[in-house]
Amino acid sequence: MGVLRRVEQEKVELLPVAEGVLAPASQRMAVVRRLAGPLLSVGMLCLALWALHLLAREVNYHQVRVYVHSISHARVLLAALFTLLGYAVMTLYDRFALASIGHPLSWRRVTMISFISYAFSNAVGMSLLVSGSIRYRFYIQNGLSTGEVARVVLFCTVSFWLGLLALTGATLILVPLPPGLPLAGLSVPLGVLLLAIPLAWFALSAVRRSLHLWRWRVGLPTPATALRQILVGALDWGLAAAVLYVLMPDQLNNGFGHFLAIFVIAQIIGLISHVPGGLGVFEAVMLAGFGATDNAALTAPILGALVTFRVIYYLLPLCTATVLVLQREARGLRQKSLLAPWFTGLLPSFFAGLTLVSGAVLLFSGATRALPVRMAILREVLPLSVLEVSHLLASVIGMLLLILARGLQRRLDAAYWLTLILLLAGAVFSLLKGIDYEEATLLTLLAMALAPAHRLFYRRASLFSTSFTLGWIVAILAVLGCAAWLVFFSYKHVEYSNDLWWQFSFHHGGAPRALRALVAAAAAGMLFALGSLIRPQKLHREPPSEAELMLALPLIKQFPSAQAHLALVGDKTLLFGAERKAFLMFDTVGRSWVAMGGPVGTEAEARRELVWTFLEQCERAGGWPVFYQVSPADVDIYLEVGLNLLKVGEEARVRLAGFNLDGKSKKVLRNTVNKLSRDGLRLEIVPAEGVAALLPRLKVISDAWLRDKNVREKRFSLGSFDPAYLVRTPMAVVWQGDQAVAFANMFLNDTHAEASVDLMRHLPGSPNGIMDYLFVELMLWSREQGYAWFNLGMAPLAGLQSRGQSPLWNRFGAMVFGRGERFYNFRGLQRYKDKFDPEWEPRYMAVPRGIALPMILTNVASLISGGLSGVARR
């Protein structure tokens, strides 16, 4: 009986790992933290653009272009060679990292993964996040565990910074900054301080195996490995500096050491700024470092060298990495087995990133002057009106591509088709506005790569209903801001007047065209923003109405899992799909929006779309989406939307076709059922229409059971004794003579796929084994009625393994399962269900990635236990 008292509770308990929920002050702090990073990046970008404006106020676009064209082919080839060597050195980061964790891979595979991750992280910025995400997806496929991937990313990041600090420190000591520059007088002390960090790392690796920092334990490498980290990082940064050095003008050639000192400081400041790729920040520091202020003879060549450096060191590797990923996609389309959830989850974001870049290219192109030679050709073959319209529409398409990139990331079918059309249209307009065949080639290639990937974009939702995170809004505004800066920089020699807006000319129409295109692009963005304001309001939690419950009932009855009947409890909000073909039941606590199970419905597309809808509603409200007790059949959906899966237990299901009481293993059950039958116990299944008349008698049983067990009503994943709920389901009642001694309300679907129970309660002092009797009789009755399965519910934390390579959550759950008997009878519950010979199936909780997991677990425990005070009570 000690086990039986927990049978109905097993569906609702979750071990808490923290206390408290987010107070309003904590929620405000969380909002501030979410806003701080993007706003800091925007602020730094604005400061960098303003600094560039001041530093380059005497320079015009023509001067910069002249220097770019004057760079010899030999220098460009040498810069490309140094770039190739630099990216080859970067592969050593991963190779040494894999060797340090004892999981080496082939040189070819490591080279490809390393190159792709660095090509994207160098160009996009946020190296830890971007390269770490790419490494995670590729290395998981190659057999590494999550923990091993994290160690590889940490090793590479530490090597990256150790090399940069070592090179910067040594350079500042050997070649101090020239007088007149900021920090010039502190060059040597600053160099000593920076160099001390990698030296300390090397020294500690020689004497200790680990280092404790507050609550963290950091494993230290061997001295040889630490030395390799420092040398590889320094060589990597030295080769990056060499790329720019060979492109710089000869009049600034004061030696590689002097150049290197300014370069590494500019890179550090660019990295600290968190601006993607250090764009603008790095350039401003380089101009200031070489004293190019108010000196057009120096500023124009430096800007020309920096532009060429960006193209060779960042853009060309990014394009090459893009081709590699597209080749991998093509193989995946031929071999469907490669399109696993991890890979299909990567491709939409990948296409979204490329679309964002394409939109930026069109906007930047529209903000700068066309090449005179190409314009001369257009004068001979095109009317002026075609040129003007093409220039305007190309910039508008650029803005629309920035917006559609978000739709691609959210897998919208409409975004896919619009992007495909606009990419081809943008390629045509690029040719018509200035014979920009480079842009046209880029857009066409992206359209060709996107065309066969339609199956990845299956959502039929409106683009206007898509939520744009602060990061996306900041990215779009940053691109538009850079385009505006380019307009003013490119045409600073043109005096502004109102007449500019109405000037149309092949010869002197560049500035008016750029202004009109910029305003048209901004107007397109504003129109989309206004259209988005008409989207449906944020979803608010409220109990379902009678009409909603009646609308959900046919979906519940046709759904294979009987647990869908929990929607009838009425304590959870019901979110229906657009066509009412699926619904989701959820509740909120703190910032956690917790869905009970997955979407309920028979159409896979409707259920998948509902997950996305729920995710977007959570994003608008600033909440965390959580799906509790989801089945393995739906894990692909949650992986595709970017959620992480935690195993929370295993569900016991009895296959009724083979269930009987024969054999030695069922002797105890057989004897119990036979004895109680002889004592006069009998089971009656009361239809839902007849339950209301029985409720007063059943209420006595329920109240006595709660008092005897010293528990209170639970919620969310279990019903309560609520007459409005109980009259919606059939009731199984155990009679002893004319007295009701036990009851259980039943979940029965019309497909006869599964039967189950929710509340199970009995009078104190009832015959021993009454719950065994009730279970057996219900299974035999369900088998006679043609049901395939009987669901015994979930055993929390069952099946979690505590192994060296297991995730932390699995090891923690396995420890609680084995040693947490004083709080909850985990093992006893699993053993009790095992005597019915069930088949165990894992159940998961889908949660967002990040550090919010402890708070999410606390919120879920509070929700299903009826409050935090119920967490500690049985």
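Residues numbered from 1 in each chain as written. Predicted model: local features only at pLDDT ≥ 70, side-chain atom pairs only at ≥ 80, totals over all residues. Heavy atoms only, no water.

A. Up close: the overall build of the protein. A count of helices and strands for the protein gives 29 helices and 13 strands. For the protein, buried positions account for 54% of its 874 residues. A fraction of 75% describes how many contacts in the protein between residues 6 or more apart in sequence connect residues 24 or more apart. Carbon and sulfur atoms make up 64% of the accessible area of the protein, which totals about 37800 Å². (Helix = DSSP H or I, 4+ residues; strand = E, 2+ residues; numbered from the N terminus. Buried < 20%, exposed > 50% of the residue type's maximum accessible area, 1.4 Å probe, protein only. Contact = heavy atoms within 4.5 Å. Areas by Shrake-Rupley, 256 points an atom, 1.4 Å probe, with all protein chains shown as cover.)

B. Highlighting the pairing of strand 10 (residues 739-748). The element strand 10 is largely enclosed, with a buried count of nine among its ten residues. Both strand 9 (residues 731-736) and strand 10 contribute to a ladder of six bridges, which runs antiparallel. Directly across from Trp 735, in strand 10, lies its bridge partner Ala 740. Counted between consecutive antiparallel strands, the loop separating strand 9 from strand 10 contains two residues, among which Gly 737 sits at a positive phi close to 70 degrees. Summarising the sheet, strand 10 and strand 11 (residues 754-762) pair through six bridges and their orientation is antiparallel. Residue pairing across strands places Ala 744 opposite Met 760, the latter belonging to strand 11. (Pairing = 2+ DSSP bridges.)

C. Geometry of the nonpolar core. Ranked by size, the top nonpolar core spans 133 residues in total, and within it Tyr 139, Leu 244, Phe 263, Met 286, Phe 309 and Phe 351 carry the most contacts. Sorting elements by how many residues they give to this core places helix 11 (residues 296-334) first, with 13 residues. Excluding its chain neighbours within four sequence positions, the residues that come into contact with Phe 309 are Ala 240, Val 243, Leu 244, Leu 247, Phe 263, Phe 282 and Tyr 314. One finds Leu 549, Phe 583, Val 626 and Leu 726 within the second-largest nonpolar core, a separate group that totals 84 residues. (Core = buried A, V, L, I, M, F, W, Y, C linked by side-chain atoms within 4.5 Å.)

D. Spatial organisation of the side chain of Ser 395. Within the secondary structure layout, Ser 395 lies in helix 14 (residues 384-409). Residue classification places Ser 395 among the buried positions, given a relative accessible area of 2%. With residues near it in sequence (within four places) discarded, Ser 395 still touches Leu 362, Leu 363, Gly 366, Ala 517 and Ala 521.

E. View of the packing of aromatic side chains. Overall, the coordinates contain 31 aromatic pairs when judged by the stated rule. Centre to centre, the rings of Tyr 87 and Phe 115 are 5.5 Å apart; their planes meet at 70 degrees, and the pair counts as edge-to-face. In this pair, Tyr 87 sits in helix 3 (residues 73-100) while Phe 115 sits in helix 4 (residues 107-124), placing the two residues 28 residues apart along the sequence. Accessibility expressed as a relative area gives 5% for Tyr 87, which makes it buried. Clustering of aromatic rings is evident, with ring pairs tying together Tyr 87, Phe 115, Tyr 245, Phe 256, Phe 259, Phe 263, Phe 282, Phe 309, Tyr 313 and Tyr 314. Here the guanidinium or amino end of Arg 310 rests over the ring plane of Tyr 314, the centre of that ring lying 4.9 Å away. Sitting above the plane of the Trp 789 ring, Arg 653 keeps its charged end 4.3 Å from the centroid. (Phe/Tyr/Trp six-rings, centres within 6.5 Å; stacked < 30°, edge-to-face > 60°. Lys NZ or Arg CZ within 6 Å of the ring centre and 35° of its normal.)

F. Focus on the sheet that holds strand 13 (residues 839-847). The mixed open sheet is built from eleven strands, whose spatial order is 3-4-5-6-13-7-12-11-10-9-8. The open sheet has two edge strands, strand 3 (573-576) and strand 8 (681-686), and neither has a second partner. The sheet shows a mean angle of 30 degrees between the axes of neighbouring strands, direction not considered. Examined bridge by bridge, strand 7 (residues 644-655) and strand 12 (residues 789-796) share seven bridges and lie antiparallel to one another. Bridging across to strand 12, Arg 653 finds its partner in Asn 791. Strand contacts of helix 20 (residues 604-621): strand 3, strand 4 (583-589), strand 5 (592-596) and strand 6 (624-630), with the helix running at about 140 degrees to strand 6, the strand carrying the most contacts. (Axes fitted to C-alpha atoms, helices over the stretch in contact; angles between N-to-C directions.)

G. Region of interest: a nonpolar patch on the surface. Taken together, the side chains of Leu 78, Leu 81, Leu 84 and Leu 85 present a nonpolar region at the surface, about 360 Å² in accessible area. Mapped onto the secondary structure, Leu 78 falls in helix 3. A relative accessible area of 36% means that Leu 78 is categorised as partly exposed. (Patch = residues over 30% accessible without salt bridge, like charges linked within 9 Å, V, L, I, M, F, W, Y side chains within 5 Å. Salt bridge = Lys/Arg side-chain N within 4 Å of Asp/Glu carboxyl O.)

H. Structural view of helix 3. Here helix 3 contains 28 residues, and its C-alpha end-to-end distance of 41 Å stays within 8% of the 40 Å for a straight helix at 1.5 Å per residue. By the burial criterion, the buried members of helix 3 are Ala 79, Thr 83, Gly 86, Tyr 87, Val 89, Met 90, Thr 91, Tyr 93, Asp 94, Ala 97 and Leu 98. Backbone geometry just after helix 3 places Gly 102 at a positive phi near 75 degrees. (Expected span 1.5 Å × (residues − 1).)

I. Examining the confidence of the model for the protein more closely. Per-chain confidence: the protein averages 80 in pLDDT, with 80% of residues scoring 70 or above. Per-element mean pLDDT across the protein ranges from 42 in helix 26 (residues 808-819) up to 93 in strand 9. Confidence drops under pLDDT 50 across residues 799-806; counting only partners more than four residues distant or on other chains, this segment forms 19 contacts. Throughout residues 868-874 the model reports pLDDT below 50, and contacts reaching past four residues in sequence, or to other chains, amount to 26 contacts. (pLDDT = per-residue confidence, 0-100.)

J. Main features of the packing of helix 9 (residues 256-273) against helix 10 (residues 281-289). Axis separation between helix 9 and helix 10 bottoms out at 8 Å; the angle between their running directions is 150 degrees. Our classification of the angle between helix 9 and helix 10 gives roughly antiparallel. The element helix 9 and its partner helix 10 pack so that their crossing is right-handed. Listed contacts from helix 10 to Phe 259, Ile 262, Phe 263, Ala 266, Gln 267, Ile 269, Gly 270 and Ser 273 of helix 9 are Val 281, Phe 282, Val 285, Met 286 and Gly 289. (Parallel < 35°, antiparallel > 145°, perpendicular 65-115°, else oblique. Left-handed = near helix turned anticlockwise from the far one by under 90°.)

K. How the structure looks around the layout of surface pockets. Here the second largest pocket defines a volume of roughly 810 Å³. Lining the second largest pocket we find 30 residues, and of these Phe 576, Gly 577, Ala 578, Glu 609 and Thr 613 sit closest to its centre. The greatest single-element share of the lining of the second largest pocket, amounting to eight residues, is contributed by helix 20. (1 Å grid on protein atoms, 1.4 Å probe; cavity = no way out; pocket = protein on both sides within 12 Å on 5 of 7 lines; lining within 4 Å. Points joined across faces, edges and corners; volume = space filled by probe spheres on them.)

L. Broad picture of the environment of Thr 355. Locating Thr 355 in the fold gives a position in helix 12 (residues 341-367). According to the relative accessible area criterion, Thr 355 is buried, its value standing at 1%. C-alpha separation for the pair Thr 355 and Ala 447, spaced 92 residues apart in sequence, amounts to 9.5 Å. Each residue touching Thr 355, except ones within four places of it in the same chain, is listed here: Leu 401, Ala 405, Leu 408, Thr 419 and Leu 446. Here the side chain of Thr 355 touches Phe 351 through a polar contact of 2.8 Å, landing on its backbone oxygen. (Polar contact = N/O pair within 3.5 Å; in protein donor to acceptor, adjacent residues only side chain to side chain.)

M. Main features of the pattern of salt bridges. The final tally for this structure, using the stated rule, is 27 salt bridges. The salt bridge partner of Asp 679 is Lys 675, with a shortest N-O separation of 3.1 Å. For Lys 675, a relative accessible area of 45% translates into the label partly exposed. Residues joined in a network through salt bridges with shared partners are Arg 374, Lys 433, Asp 436, Glu 438 and Glu 439.

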